[in-house]
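Observations on chain architecture
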Amino acid sequence: MPGKRLGRVRAEFPRRPRMQDDITTIHGLSSKALAEIRRIERQKKYLWPGSIGSAMVRWRSFVHQPNRRLWDYESDGCTEWACCGDPWQAREYLEAVMLAMTRRRARELRSLVEALDRRY
């Protein structure tokens with residue numbers, strides 16, 4: 001009776017958690033575009049892993065709010081990105097990444113962002 005192949009044995013082991021597992025994916029983008037976004041997040045000093053995914057969520061939730069209320073950052077508002085976040089800063093992050101991406105991959109992200117911009 002033949003034994004299992006080594007690849008099958010390894011495939012049955014539980015997978016180790018990876019750093020990319022907690023990164024938010026952007027629905028509607030190809031895997032190549034997401035890989036390029038991850039590469040840019042590692043290169044740019046002002047970005048962190050998952051920042052563009054959270055920026056897209058922040059911009060989408062702001063655009064879909066019926067009253068589009070902005071938090072007052074100057075007075076006593078929350079300034080933590082993880083808590084409340086500035087939707088305009090999120091839009092600037094998205095624009096910076098679109099400019100840093102290749103044309104083909106940026107077109108994918110731009111189509112998603114421009115649809116939200118038209119709704120706003």
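Reference entry: report on the structure contained in this document. Just so we're clear, the structure is a prediction, and the values are computed from it rather than from any experiment.

**So, a positive patch on the surface**
The grouping of Lys32, Arg103, Arg104 and Arg107 at the surface amounts to a positive patch. Sort the elements by how many residues they give to the positive patch and helix H5 (residues 103-119) lands first, with three residues.

**Here we look at the packing of aromatic side chains**
This structure, assessed with the given rule, holds eight aromatic pairs. On the numbers, 5.7 Å between centres and 35° between planes, the contact of Phe62 with Tyr120 is tilted. Residue Phe62 is found in helix H3 (residues 51-64), and its partner Tyr120 is found in the segment after H5; the two are separated by 58 residues along the sequence. According to the relative accessible area criterion, Phe62 is buried, its value standing at 4%. Owing to a relative accessible area of 44%, Tyr120 belongs among the partly exposed residues under this scheme. Connected via pairs of aromatic rings, a cluster forms that spans Trp59, Phe62, Trp88 and Tyr120.

**Section: helix H4 (residues 87-100)**
The terminal C-alpha atoms of H4, which comprises 14 residues, lie 20 Å apart, in line with the 20 Å expected from a rise of 1.5 Å per residue. The set of residues buried in H4 consists of Pro87, Ala90, Arg91, Tyr93, Leu94, Val97 and Met98. Down the axis of H4, the buried set is contained in an arc of 155°. They therefore lie on one face. Exposed residues lying more than 90 degrees from the buried face of H4 are Glu92 and Leu99. Looking at the buried residues of H4, the elements they touch are helix H2 (31-43), H3 and H5. Measuring from the backbone nitrogen of Trp88 back to the side-chain oxygen at the start of H4 gives 3.2 Å, which picks out Asp86 as the cap.

Cut-offs applied
- Residues numbered from 1 in each chain as written.
- Predicted model: local features only at pLDDT ≥ 70, side-chain atom pairs only at ≥ 80, totals over all residues.
- Heavy atoms only, no water.
- Patch = residues over 30% accessible without salt bridge, like charges linked within 9 Å, V, L, I, M, F, W, Y side chains within 5 Å.
- Areas by Shrake-Rupley, 256 points an atom, 1.4 Å probe, with all protein chains shown as cover.
- Salt bridge = Lys/Arg side-chain N within 4 Å of Asp/Glu carboxyl O.
- Lys, Arg positive; Asp, Glu negative; His and termini not counted.
- Charge placed at Lys NZ, Arg CZ, Asp CG, Glu CD.
- Helix = DSSP H or I, 4+ residues; strand = E, 2+ residues; numbered from the N terminus.
- Phe/Tyr/Trp six-rings, centres within 6.5 Å; stacked < 30°, edge-to-face > 60°.
- Buried < 20%, exposed > 50% of the residue type's maximum accessible area, 1.4 Å probe, protein only.
- Expected span 1.5 Å × (residues − 1).
- Arc of directions from axis to C-beta.
- Contact = heavy atoms within 4.5 Å.
- Polar contact = N/O pair within 3.5 Å; in protein donor to acceptor, adjacent residues only side chain to side chain.

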